[in-house]
Amino acid sequence: MAEYNHKEIEIKWQRYWEKNKIFKADVSADKPKFYSLEMFPYPSGKIHMGHVRNYTIVDVLARFKSMQGFNVMHPMGFDAFGQPAENAAIKNKTKPDVWTHKCIHWMKEELKKMGFSYDWNREISTCDSDYYKWNQWIFLKMLEKGLAYRKASNVNWCSSCYTTLANEEVIEGGCWRCHTQVEQKDLEQWYLKITDYKERLLEDLEQLKEWPQRVIAMQQNWIGKSQGVDIYFRLDESSKTISVFTTRVDTIFGATYVVLAPEHPLVKEIIKGRLQEKEILKFIAKVVKESKVMRSSDDVKKEGVFTGSYAINPVNNEKIPIWIADYVLMEYGTGAIMAVPAHDQRDFLFAKEHKLPMRIVIQSTVHSPQSTDEMTEAYEGEGVQVNSGQFNGLANQQAKIKMAQWMQEQSIGKIQTHWRLRDWLISRQRYWGTPIPVIYCKKCGIVSVPYKDLPVELPKDAPFTGEGGSPLGKVKEFVEVKCPICHAPSRRETDTMATFFDSSWYFLRFCSANYSQSPFDTIEAKYWMPVDQYIGGIEHAILHLLYSRFFTKFFKDLGMIDFSDKGGSADTGDEPFTRLLTQGMVLKDGEVMSKSRGNIIDPDSIITKYGADTLRLFILFAAPPETELEWDDRGIEGAYKFLNRVWRIHDNLCADFSKEKAGSRHSVGDARREKDEVGLLLMKVMHKTIKRVTEDIEHFKFNTAIAALMEFVNAIYRHGADRNVFTNLIIMLSPFTPHFSEELWEVLGNKGTITKAPWPKYNPEFLLESRVTIVVQVNGKVRSRMDISVEIAEVELRSLILADDKLKPWLQDKPIRNFIYIPKKLVNIVI
């Protein structure tokens, strides 16, 4: 057989798969379905090693499931709208659509080079009007249901991207896309009322048994359900009250000051005419421009000013000062907090900084300072109430219940539930996104674009400078329209939708990518959904994954979907992803690969030199999928050598394969070889390998599955192989190295493609371990006996013997000159 030529082989099989539509998926009642999906990429034009890792993981599973008899759908598309394309168009003096489609073409070519088993008939691109027409349809349905609305508010603003950001898009105070420090700005914007789904979004997390616990926790924290009490602090100089929400009502007697958010509606009233009014207004003007994330971060020093006003603590009628501080946000709770510095660390630090009073009201039963002067930090643990009036002596958890009930009875508080989740801001002041389908009429107000007029298409001639607001506002033909109701001159909305809107339902569009009557064919969606396996980065835990769950529940409420008869984690009938895997980053020299660091490894260069199968094998073998992967050139060399080693088995060990009848593979193996002792040993190794590889792929332990295949190859080199053994080897290799395996499958005389071959099943009879007692000699004298497996490798046996305490006195850590192993009988060690 010719030498392994990866270039010729990979091109050959990629063309074969495409020509014969091997991966085309159709609804079938004859097989169980399996919907395998990775988070679709933004088309930057070049795939990077993160793409390679993510997509190879999914591809292995898709191929494996197909060979197990599942009807697999494995689609691919492009999350094509967004700021980067607009910026690239400005930089390269072209149009965003031209730039984006060019990048999509380049990216598709690179994806095909990797041999991924995509059904390209289902390809979608979110920037195509055939797709974003349905974004607009969904928006109008939400508008009809009261879930889409417009309001003026203080929003996150990225001065670099020149657009607004949702709270979820602000990461550590910066823009999620370009990392520019986020500012605050007052604008009229469109929102989606995701808060109407907060209970379902929280409760249904319990159904997601096969999601990483870390993702579940992140969503729980973001939704943020808190049960506590709204406490009413009356202003000292008026009858108005400040409502404060707390989950720690047990500390109310220790509240020594109140803090308002700078945006709180009472602020201007209580500072009016005060000596410090100008100073306070200056402070507020500074704070409101700062990122809310940075304001609430524990790592940033907190700033505040005294208003000159006081409030009355309703439980003890104590007069306490009212402050304004940057760390209190209007969006969370009521925009006001009661400060209990002895029992909250943030309040403690603030009180120390501004010399504010403290009072201990919960004492530890083990050890507690008697005075606040002794405190070096707040005590936030459990304990007994002190300085708490009639509640003294109660355990603080018991006091929580009694205090809440008492305050409600006295009308000085109310038991309440608060949520951290806020409505989703979707307006963006950019061009390259889905136009929001509304018209503003002076007479009729906000008017929906009629469904028959969808899509509202992006104008091709919008000017691009990167400055001065949305380019759409500068296109007269786009902006100036007639009202659909009264036909008076009106103007079109010039904001576009956040790109996360596009990705919140694309997995449903894949079910019927070319369907023209609605966003998706409900019959096909019922067959394919939910996604059985979804894979992507942890960075999307709060953004994309939360929004996708929201959209899917909305579709259920419209009567468009119902997965309740699918079982598993889809029991609610509206959870889109059954299993979720979040893969780790690819690192080089301990850092994430990036152009700025100069540590990029171009997949194309590796494919050219070693082949896609080598790259696939290395990236799966180097580390488990959930962990970070450190790039290692030696690992690539090792993977390439391993494939060549397998290639040589055909020539070196199996010269008679061509004489054996093609297709003679069966589950037990050739009867003649089974009677032979060596053949029986190889059968045991093979069936153990089948079991291990099958189970490891199911549990994403690809590195150990590949290790098992390498051990299997070592066994073949030791003992030889027949057609059955070699065929099972290449079938098990095929999800990892599909081109390589296809070629060997054909060389063996098999017809068609290996992707249609059934996955081998192990015979439990061959898993029973045979053991034998051997004699261990040192310099020809018997020093021990050991019970070992007859299949043990010599290197493993050597390690076992060297670790045996009985032999250490005889070996005395001296160098071993010779290690003689007679299988099943004895070992003689010469020192």
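Residues numbered from 1 in each chain as written. Predicted model: local features only at pLDDT ≥ 70, side-chain atom pairs only at ≥ 80, totals over all residues. Heavy atoms only, no water.

**A look at the packing of helix H18 (residues 603-610) against helix H19 (residues 612-621)**
Think of two packed helices as two axes; the pair is described by the angle between the axes and how far apart they sit. The interhelical angle for the contact between H18 and H19, taken along N-to-C directions, is 115 degrees, at an axis separation of 7 Å. Between H18 and H19, the residues in contact are Pro 603, Ile 606, Ile 607 and Tyr 610 and Ala 612, Thr 614 and Leu 615, respectively. (Axes fitted to C-alpha atoms, helices over the stretch in contact; angles between N-to-C directions. Helix = DSSP H or I, 4+ residues; strand = E, 2+ residues; numbered from the N terminus. Contact = heavy atoms within 4.5 Å.)

**Describing the sheet that holds strand E26 (residues 586-588)**
The strands that make up a sheet pair up through hydrogen bonds in the backbone, lying either parallel or antiparallel. Read across the sheet, three strands follow the order E27-E26-E28 without closing on themselves; strand pairing throughout is mixed. For this open sheet the edge positions go to strand E27 (591-592) and strand E28 (629-630), each flanked by a neighbour on one side alone. As paired elements, E26 and E27 share two bridges and run antiparallel to each other. Bridging across to E27, Leu 587 finds its partner in Val 592. (Pairing = 2+ DSSP bridges.)

**So, the packing of aromatic side chains**
Across all of its chains, the model carries 46 aromatic pairs by this definition. An angle of 20 degrees between the planes, with centres 6.0 Å apart, marks the rings of Tyr 431 and Trp 432 as stacked. Members of the aromatic cluster, each reached through a chain of ring pairs, are Tyr 197, Trp 424, Phe 500, Phe 501, Tyr 547, Phe 550 and Phe 551. For the cation-ring pair, Lys 151 lies above Tyr 191, with the distance from its terminal atom to the ring centre recorded as 4.9 Å. Over the face of the ring belonging to Tyr 717 we find Arg 645, whose NZ or CZ atom lies 4.2 Å from the ring centre. (Phe/Tyr/Trp six-rings, centres within 6.5 Å; stacked < 30°, edge-to-face > 60°. Lys NZ or Arg CZ within 6 Å of the ring centre and 35° of its normal.)

**Digging into the pairing of strand E10 (residues 257-260)**
Each regular strand shows side chains that alternate between the opposite faces of the sheet. The alternating pattern of E10 places Tyr 257 and Val 259 on one face and Val 258 and Leu 260 on the opposite face, and all of these are buried. The pairing of E10 with strand E13 (residues 336-339) spans four bridges and is classified as antiparallel. Directly across from Val 258, in E13, lies its bridge partner Met 338. Relative to strand E12 (residues 318-325), E10 is paired through three bridges, and the arrangement is parallel. (Buried < 20%, exposed > 50% of the residue type's maximum accessible area, 1.4 Å probe, protein only.)

**As for the sheet that holds strand E1 (residues 33-38)**
If you trace the four strands from one edge of the open sheet to the other, you get E2-E1-E24-E25, paired in parallel fashion. Looking at strand neighbours, the two that pair on one side only are strand E2 (71-73) and strand E25 (577-582), the edges of this open sheet. With direction set aside, neighbouring strand axes in the sheet form an average angle of 20 degrees. Of the strand pairs in this sheet, strand E24 (residues 531-536) and E25 are connected by five bridges, and their pairing is parallel. Within the sheet, the bridge partner assigned to Gln 533 lies in E25 and is Arg 579. Against the sheet, helix H2 (residues 49-67) makes contact with E1, E2, E24 and E25, and its axis sits at roughly 170 degrees relative to E1, the strand it touches most.

**Observations concerning the environment of Ile 731**
Topologically, Ile 731 is positioned in helix H24 (residues 723-733). Assessed through its relative accessible area of 0%, Ile 731 is described here as buried. With 14 residues separating them in the primary sequence, Ile 731 and Trp 745 have C-alpha atoms 8.2 Å apart.

**A look at unusual backbone geometry**
Excluding glycine, residues mostly have negative phi values, and the peptide bonds linking residues are mostly trans. Put simply, Leu 454 and Pro 455 share a cis peptide bond, and its omega is 0 degrees. For Pro 455, the location among the structural elements is in the loop between strand E20 (445-448) and helix H13 (476-479). For the peptide bond that leads from Met 529 to Pro 530, omega is -5 degrees, which places it in the cis range. On the secondary structure map, Pro 530 appears in the loop between helix H16 (522-528) and E24. For Lys 21, which is not glycine, the phi torsion reads 50 degrees and is therefore positive. With respect to the helices and strands, Lys 21 occurs in the loop between helix H1 (6-19) and E1. A residue is classified by how much of its surface remains accessible, and Lys 21, at 48% relative accessible area, is partly exposed.

**Points about helix H4 (residues 96-113)**
Between its terminal C-alpha atoms H4 stretches 26 Å, which fits the 26 Å expected from 18 residues at 1.5 Å a residue. For H4, the complete set of buried residues consists of Pro 96, Asp 97, Trp 99, Thr 100, Cys 103, Ile 104, Met 107, Lys 108, Glu 110 and Leu 111. Within H4, the buried residues cover an arc of 165 degrees as seen down the axis, which keeps them to one side. Residues of H4 that are buried sit in contact with H2, helix H3 (83-92) and H18. One or two steps after H4, the chain reaches Gly 115, where phi turns positive at roughly 75 degrees. (Expected span 1.5 Å × (residues − 1). Arc of directions from axis to C-beta.)

**Points about the pattern of salt bridges**
Tallied over the entire structure, the rule returns 40 salt bridges. Lys 553 is the salt-bridge partner of Asp 204, the closest N and O atoms lying 2.5 Å from each other. Here Lys 553 lies in helix H17 (residues 544-557) and Asp 204 lies in the loop between helix H6 (198-203) and helix H7 (213-223), a separation of 349 residues in the sequence. Its relative accessible area of 0% is what places Lys 553 among the buried residues. Notably, a salt bridge pairs Lys 286 with Glu 303, separated by 2.9 Å at the nearest N-O pair. With Lys 286 in helix H9 (residues 277-287) and Glu 303 in the loop between helix H10 (292-296) and strand E11 (304-313), this residue pair connects regions lying 17 residues apart in the sequence. Glu 303 gets classed as partly exposed once you look at its relative accessible area, which sits at 35%. Bridged by salt links that share partners, the residues Arg 200, Asp 204, Arg 549, Lys 553, Asp 557, Asp 574 and Glu 575 form one connected network. (Salt bridge = Lys/Arg side-chain N within 4 Å of Asp/Glu carboxyl O.)

**As for the packing of H3 against H4**
Interaxial distance between H3 and H4 falls to 8 Å at its minimum, and their mutual angle equals 105 degrees. As far as their axial angle goes, H4 and H3 are roughly perpendicular. Taking contact as the criterion, the partners of Ala 85, Glu 86, Ala 88, Ala 89 and Asn 92 in H3 are, on H4, Pro 96, Trp 99 and Thr 100. Its residues placed into classes, the contact of H3 with H4 shows five nonpolar, two polar and one charged. (Parallel < 35°, antiparallel > 145°, perpendicular 65-115°, else oblique. Nonpolar A, V, L, I, M, F, W, Y, C, P; charged D, E, K, R; others polar.)

**A few points about the side chain of Glu 742**
You can see Glu 742 is positioned in helix H25 (residues 738-747). Every residue in contact with Glu 742, bar those within four places of it in the chain, is listed here: Trp 13, Trp 17, Thr 753, Ile 754 and Thr 755.

**Examining the state of the cysteines**
Note: disulfide means a covalent bond formed between the sulfur atoms of two cysteine side chains. For the structure on display, the rule yields zero disulfides. Cys 127 supplies the cysteine sulfur nearest to Cys 103, a cysteine that is in no disulfide, at a spacing of 10 Å. Its relative accessible area of 0% is what places Cys 103 among the buried residues. (Disulfide = S-S within 2.5 Å.)

**Some points on the environment of Tyr 640**
With respect to the helices, strands and loops of the structure, Tyr 640 is situated in helix H20 (residues 633-652). Tyr 640 sits 31 residues away from Lys 609 along the chain, and the two C-alpha atoms are 9.9 Å apart. With residues near it in sequence (within four places) discarded, Tyr 640 still touches Tyr 4, His 6, Tyr 610 and Thr 614.

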